[in-house]
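Working through the structure, step by step
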Amino acid sequence: MVKRLLVLEDGTLFEGEAFGADVDVTGEIVFNTGMTGYQESITDQSYNGQILTFTYPLVGNYGINRDDYESIKPTTKGVVVSEASRRASNWRNQMTLDEFLKAKNIPGISGIDTRALTKIIRKHGTMRATITHVGDSLEHITDQLQATVLPTDNIKQVSTKTAYPAPGVGLSIVLVDFGLKHSILRELAKRNCNVTVVPHTITAKEILHLNPDGVMLSNGPGNPEDVPEVLEMIRGIQETIPIFGICMGHQLFAMANGAKTYKMKFGHRGFNHAVREIATGRVDFTSQNHGYAVSRENLPEHLMVTHEEINDRSVEGVKHRYLPGFSVQFHPDAAPGPHDASYLFDEFLEMIEAFKKAD
């Protein structure tokens, strides 16, 4: 097997075996605690520009199939695993993980002590890393890595450039694409919604011309502060159109209403995060993928915290007290992960119907 190196910006070196595409990459290294769902995770555009470490020891054992894509062209930088299964066994399997990563030009490295790597990230926080070939000096690789400036146009890289429809016969929904997962479209399709997916650059005036019943703000990668123009759009529609935000959409909805966000030490990435609904005490296990969060400190009076993460009490949901809008940090669409919170799509549609009756 061909040897490959994983180097962290603090100089920590891991040597493993190469699989996937034969390219060198640099990005922010993060970890995901899910036991399954590697295809959905790799194709989740919220991982744009990141090197994705799977903490579960065996990855690739059920292969890749046609149904579990969350995007057509994934932009995850690289994949780190303890063991990459060379054979895949599942009735839906169409190719191996290695074949898939080669086709998508994503390098992988296996044979890594992902437990030790995860403990480093948990202690020191997310950091830059590179996957490269054996041969260059560690000093030179580290110098290059420390000088690397990671891009800040992550949403621009993954958002659709033109609007497109996902037709239905029910309520008309505009879905603003910050790097959306296809599972959001699937949930709206289950409810017969007539969806129009639009670029993140759309203006409030353009949305109003579409005359939707509701607007969804999708998930997406990077720092919400990198797209300040979106806040003006949200403020321009929220008094006249119900809004539901997910993940990045949650952060942008909160910021548009005066909240602040912050970069978490290592984020929440996995499918087993327990979240409490404050009003009822209901606990849902949720799918999450985010490195930023809404700050609880100095939260504006007109925003009410609706959900919180049980382990660290970070804000997981907010609702506007006076306008028809709410958002959640987790993924009610799951994919992968538990579907405990899928009822939030129904609550969104119910809010639209109630708003229309009151209008």
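Structure shown above.
What comes next concerns the included structure. (Residues numbered from 1 in each chain as written. Predicted model: local features only at pLDDT ≥ 70, side-chain atom pairs only at ≥ 80, totals over all residues. Heavy atoms only, no water.)

**So, the side chain of Thr142**
To be explicit about the condition: Secondary structure counts use DSSP, requiring at least four H or I residues in a row for a helix and at least two E residues in a row for a strand, with both numbered from the N terminus. Exposure is judged per residue with a 1.4 Å probe applied to protein chains only, and the accessible area is read against the type maximum: over 50% gives exposed, under 20% gives buried, and values in between give partly exposed.
One can find Thr142 in helix α4 (residues 138-147). Take Thr142: its relative accessible area is 11%, and that puts it in the buried class.

**A word on the nonpolar core**
The line we're drawing: Only buried Ala, Val, Leu, Ile, Met, Phe, Trp, Tyr and Cys residues count toward a nonpolar core, and they belong to the same one when joined by side-chain atoms within 4.5 Å. In what follows, a contact means two residues having at least one pair of non-hydrogen atoms within 4.5 Å.
Ranked by internal contacts, the top residues of the largest apolar core, which has 31 residues, are Val176, Ile207, Val215, Leu217, Met233 and Ile234. Taken together, the elements giving at least two residues each to this core come down to β11 (172-177), α7 (204-210), β13 (214-217), α8 (229-237), α9 (248-256), β17 (303-309) and β18 (315-320). Per element, the largest residue contribution to this core is six residues, and it comes from α9. Leave out the neighbours within four places in its chain, and Leu217 touches Val176, Phe178, Met233, Ile234, Ile243, Phe244, Gly245, Ile246, Gly249 and Phe253. If you look at the next biggest cluster of nonpolar residues, it comprises 26 residues, including Ile173, Val195, Phe326 and Phe330.

**Examining the packing of α8 against α9**
Counted only if it meets this: Only the contacting stretch of a helix is used when fitting its axis, a line to C-alpha atoms as for every element, and angles between N-to-C directions run 0 to 180 degrees. Roughly parallel here means an angle under 35 degrees, roughly antiparallel means over 145, roughly perpendicular means 65 to 115, and every remaining angle is called oblique. Each residue is assigned to one class: nonpolar for Ala, Val, Leu, Ile, Met, Phe, Trp, Tyr, Cys and Pro, charged for Asp, Glu, Lys and Arg, and polar for all the others, Gly among them.
For the pair α8 and α9, the least separation of the axes is 9 Å and the interaxial angle reads 70°. Here α8 lies roughly perpendicular to α9, going by the angle between them. Mapping the contact onto sequence places Val230, Leu231, Ile234 and Arg235 in α8 and Leu252, Phe253, Met255 and Ala256 in α9. Along the lines of polarity and charge, the residues of the contact of α8 with α9 split into seven nonpolar, no polar and one charged.

**Here we look at the pairing of strand β19 (residues 325-328)**
Cut-off, in case you're wondering: Only strands that DSSP links by at least two bridges are regarded as paired with each other.
Neither face of β19 is open: one carries Gly325 and Ser327, the other Phe326 and Val328, and all of them are buried. Across four bridges, strand β14 (residues 243-246) lies against β19 in parallel orientation. Paired with Gly245 across the two strands is Ser327, which belongs to β19. Where β18 meets β19, three bridges bridge the pair, whose relative direction is antiparallel. By the bridge assignment, Val318 is partnered in β19 with Ser327.

**Things to note about a nonpolar patch on the surface**
Here is the rule we go by: Patches were defined on residues exceeding 30% relative accessible area and lacking a salt bridge, with like-charge contacts within 9 Å and nonpolar side-chain contacts (Val, Leu, Ile, Met, Phe, Trp, Tyr) within 5 Å. Each accessible area is a Shrake-Rupley estimate made with a 1.4 Å probe; only the visible protein chains count as cover when residues are assessed. Here, a salt bridge means any Lys or Arg side-chain nitrogen found within 4 Å of an Asp or Glu carboxyl oxygen.
Together, Val283, Phe285 and Ile310 line one region of the surface with nonpolar side chains, adding up to about 230 Å² of accessible area. Position of Ile310 among the secondary structure elements: in the loop between β17 and β18.

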